[in-house]
Amino acid sequence: PRTGYVFANSEHVIPIPNDGKGVLDDPKNYWSVFTAIDGDKMEVAWQVLVDGNLDNTDADYQGKYAFSTCYNPNKGTTVAEMTDHEQAWAVVFNIKRIEQAVASGDYKEMGGVKVVDGRKGSKYTRYIPVPNSPHGCNTAPDGVHVTFNGKLSPTVTMIDVRKLDDLFDNKIKERDIVVAEPE
């Protein structure tokens, strides 16, 4: 891994002991967790709570950011509910900010794991609107571009990682980092 972490995704996790209860009863309890595993120790380093269902993941070559495609922004519990929208998003994780949050205690401990809140509006993540149901994520060998491809949309959204610092500093908007979106 380019970051020293191994990343993994979990779906249908609620921020209480995960017994699976409550998700179908109240979609407000429906989130996913992005997990960073320390590659040397093979232990969970931290997790980030996010909105939607996470799918494929990659990281940039500088070790500053990780990315995950994310579908089901409506927190649906049926296929129809999960696919009834025009756009979903790709989530960008600011690794340095997340590490600082863990070091400074800006997390909740759940089951012995440090969990940072990265839901929409967080300073630790950015949600890039992309066409419906993105299920592919790949950082290009040029180290500049990351692509997110659709499952229900025949498109590929390409972003420029050099713009991410400005995005996280709120100098530009989420779609300003998109440089192409071919079919």
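Here the structure is a predicted model, which is why all the values come from computation and not from measurement.

Rules behind the numbers
- Residues numbered from 1 in each chain as written.
- Predicted model: local features only at pLDDT ≥ 70, side-chain atom pairs only at ≥ 80, totals over all residues.
- Heavy atoms only, no water.
- Pairing = 2+ DSSP bridges.
- Helix = DSSP H or I, 4+ residues; strand = E, 2+ residues; numbered from the N terminus.
- Axes fitted to C-alpha atoms, helices over the stretch in contact; angles between N-to-C directions.
- Contact = heavy atoms within 4.5 Å.
- Salt bridge = Lys/Arg side-chain N within 4 Å of Asp/Glu carboxyl O.
- Buried < 20%, exposed > 50% of the residue type's maximum accessible area, 1.4 Å probe, protein only.

Colleague: If you had to explain the sheet that holds strand β4 (residues 53-59) to someone new, which residues and values would you point to?
Modeller: Backbone-to-backbone hydrogen bonds join strands into a sheet, with any given pair of strands oriented parallel or antiparallel. With antiparallel pairing, the four strands of this open sheet are ordered in space as β4-β5-β6-β9. At either end of the open sheet lies a strand with only one pairing partner, and these are β4 and β9 (125-131). Mean inter-strand twist for the sheet, computed between neighbouring axes without regard to direction, equals 25°. One ladder, built from seven bridges, connects strand β6 (residues 87-94) with β9; its direction is antiparallel. Its bridge partner lying in β9, A90 is registered against I128. Those strands touched by helix α2 (residues 95-104) are β5 (65-71), β6 and β9, and its axis lies near 60° from that of β6.

Colleague: Provide a residue-level description of the pattern of salt bridges, including the pertinent values.
Modeller: With the rule as written, the count across this model stands at five salt bridges. Of the charged contacts, one joins D160 and R162 as a salt bridge, the two residues approaching to 2.8 Å between their closest N and O atoms. Judged by relative accessible area, which is 7%, D160 ranks as buried. Look at R162 and you get exposed, because its relative accessible area is 60%. A salt bridge links E181 to R175, with the shortest nitrogen-to-oxygen separation between them at 3.0 Å. For E181, a relative accessible area of 32% corresponds to the partly exposed category.

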